[in-house]
Amino acid sequence: GNSVTQMEGPVTLSEEAFLTINCTYTATGYPSLFWYVQYPGEGLQLLLKATKADDKGSNKGFEATYRKETTSFHLEKGSVQVSDSAVYFCAFKAETSGSRLTFGEGTQLTVNP
Amino acid sequence: GAVVSQHPSRVICKSGTSVKIECRSLDFQATTMFWYRQFPKQSLMLMATSNEGSKATYEQGVEKDKFLINHASLTLSTLTVTSAHPEDSSFYICSAGATLLSTDTQYFGPGTRLTVL
C-alpha cells in the first residue's frame, strides 16, 4: 500500500551546517510530494511541494527534488539556522486520493548556536 | 491567504464531558476538511474526512459516535469529542482543502490541545 518512510530523528546540528532529511515513498502512479514543518506549539505549515517527476520545490532556503527513479524527496538546506529547529514531515498525495495526505513519522531537528 | 483557524487552542475538561472544537477557513471556501490526531513526538493520524453537506468518512478504528464531525458550511467544520476520557487527551489538528485554490494543498489549523482530567 501507499506509505512514506522518513529519516528517523532526532537530528542535531550546529548553526550553518548542511541539512539532509531523507524521505522515500511507496505509491502507484505519480503522487504529489510535500514537506511540512511544525514549529513548537504550532500546527503544520507547508514548506514546499513538487507535483511531478524532476520538479524541485524550494522555500526559505530548503529544497527537495522529486526523484521518480528512486521514489525519493529528500529535504536539504545548505546552511541551517537556530530558527529552523522544528519537526519536519514528509507527505504525499496519491493520484486517486483527492486531497488526502499520507504523512511520514516526522523528524525532529534541533539547531544549536 | 489560505488561513485556517481552530478554537479553542487549549481545553481542559473533566472525564465524561463533551468538548467541541471548531475549524474555520478564514479566506477561502473549504470543500473538504480533515481531522487529525497527533500524539507526542509522533506523526499525524488521519481520523476522518468531511465534505460540506455530507457525512464524514472515518478512518478504520476511529469511533464515529465518539468523534462527531459536522461540516455544515464551506468555512466551518466541528469535531465533538463525546464523553471524553483521559486517553482522548491529545493534539487535534484540522486541515482544509480548497478546490479553487489547489487540489494538491491542504492548509492546516494551529491545533487544539485537549487535556481530559
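Figured I'd write up the structure that's included with this text. (Residues numbered from 1 in each chain as written. Chains lettered and ligands numbered in written order. Predicted model: local features only at pLDDT ≥ 70, side-chain atom pairs only at ≥ 80, totals over all residues. Heavy atoms only, no water.)

## Some remarks on the overall build of chain A
Stage number 1. Along the backbone of chain A there are zero helices and 12 strands.
Stage number 2. Listed N to C, the secondary structure of chain A is β-β-β-β-β-β-β-β-β-β-β-β in terms of helices and strands.
Stage number 3. Since a compact globule built from 113 residues should have a radius of gyration of about 13 Å, the 13 Å found for chain A is in line with a globular shape.
Stage number 4. With respect to the principal axes defined by its C-alpha atoms, chain A has extents near 45 × 30 × 20 Å.
Stage number 5. Of all 113 residues assigned to chain A, the portion counted as buried reaches 45%.
Stage number 6. For chain A, long-range pairs separated by at least 24 residues make up 56% of all intrachain contacts whose partners lie at least 6 apart in sequence.
Stage number 7. Looking at chain A as shown, the accessible area adds up to about 5300 Å², and 46% of this sits on carbon and sulfur atoms. (Helix = DSSP H or I, 4+ residues; strand = E, 2+ residues; numbered from the N terminus. Rg over C-alpha atoms; globule rule 2.2 N^0.38 Å. Buried < 20%, exposed > 50% of the residue type's maximum accessible area, 1.4 Å probe, protein only. Contact = heavy atoms within 4.5 Å. Areas by Shrake-Rupley, 256 points an atom, 1.4 Å probe, with all protein chains shown as cover.)

## Digging into the interface of chain A and chain B
A common way to state how big an interface is: give the accessible area lost once the parts meet.
Stage number 1. The interface is formed by 20 residues belonging to chain A together with 18 residues belonging to chain B.
Stage number 2. In total, chain A and chain B occlude about 1400 Å² of area from one another, counting both sides; carbon and sulfur atoms represent 51% of this.
Stage number 3. Its largest share of buried area at the contact with chain B, chain A owes to Leu44, Ser99 and Arg100 of chain A, together 33% of the area lost on that side.
Stage number 4. In this assembly, chain A and chain B are joined by zero salt bridges.
Stage number 5. Linking chain A to chain B there are four residue pairs in polar contact (both at pLDDT 80 or more).
Stage number 6. Where the side of chain A that touches chain B is concerned, the elements lending two or more residues are strand E5 (32-38), strand E6 (44-50) and strand E10 (86-93) of chain A.
Stage number 7. Among the elements that line the side of chain A that touches chain B, the one with the most residues is E5 of chain A, at four residues.
Stage number 8. Class assignment of the residues belonging to the side of chain A that touches chain B gives a composition of seven nonpolar, eight polar and five charged. (Buried area = accessible area lost by both parts, 1.4 Å probe. Salt bridge = Lys/Arg side-chain N within 4 Å of Asp/Glu carboxyl O. Polar contact = N/O pair within 3.5 Å; in protein donor to acceptor, adjacent residues only side chain to side chain. Nonpolar A, V, L, I, M, F, W, Y, C, P; charged D, E, K, R; others polar.)

## Some words on the sheet that holds strand E9 (residues 75-77) of chain A
One key point about sheets: their strands pair by backbone hydrogen bonds, in either a parallel or an antiparallel sense.
Residues and elements named next belong to chain A.
Stage number 1. Across the sheet, which stays open at both edges, the four strands sit in the order E3-E9-E8-E7 with antiparallel pairing between neighbours. Since the sheet does not close on itself, it has two edges, and those belong to strand E3 (19-21) and strand E7 (56-59), each with one partner. Each strand of the sheet is rotated relative to its neighbour by a mean of 15 degrees, with strand direction disregarded.
Stage number 2. Bridge analysis of E3 against E9 gives three bridges, and the strand direction is antiparallel. Residue pairing across strands places Thr20 opposite Glu76, the latter belonging to E9. (Pairing = 2+ DSSP bridges. Axes fitted to C-alpha atoms, helices over the stretch in contact; angles between N-to-C directions.)

## Brief notes about the sheet that holds strand E8 (residues 76-81) of chain B
Residues and elements named next belong to chain B.
Stage number 1. The strand order across the open sheet formed by four strands is E1-E3-E8-E7, and the pairing between neighbours is antiparallel. With one partner strand each, in any of the chains shown, strand E1 (4-7) and strand E7 (67-73) form the two edges of the open sheet. Within the sheet, the average angular offset between the axes of one strand and its neighbour, ignoring direction, is 15 degrees.
Stage number 2. In terms of strand pairing, strand E3 (residues 19-25) meets E8 through six bridges, oriented antiparallel. From the neighbouring strand, Val19 faces E8, where its bridge partner is Val81.

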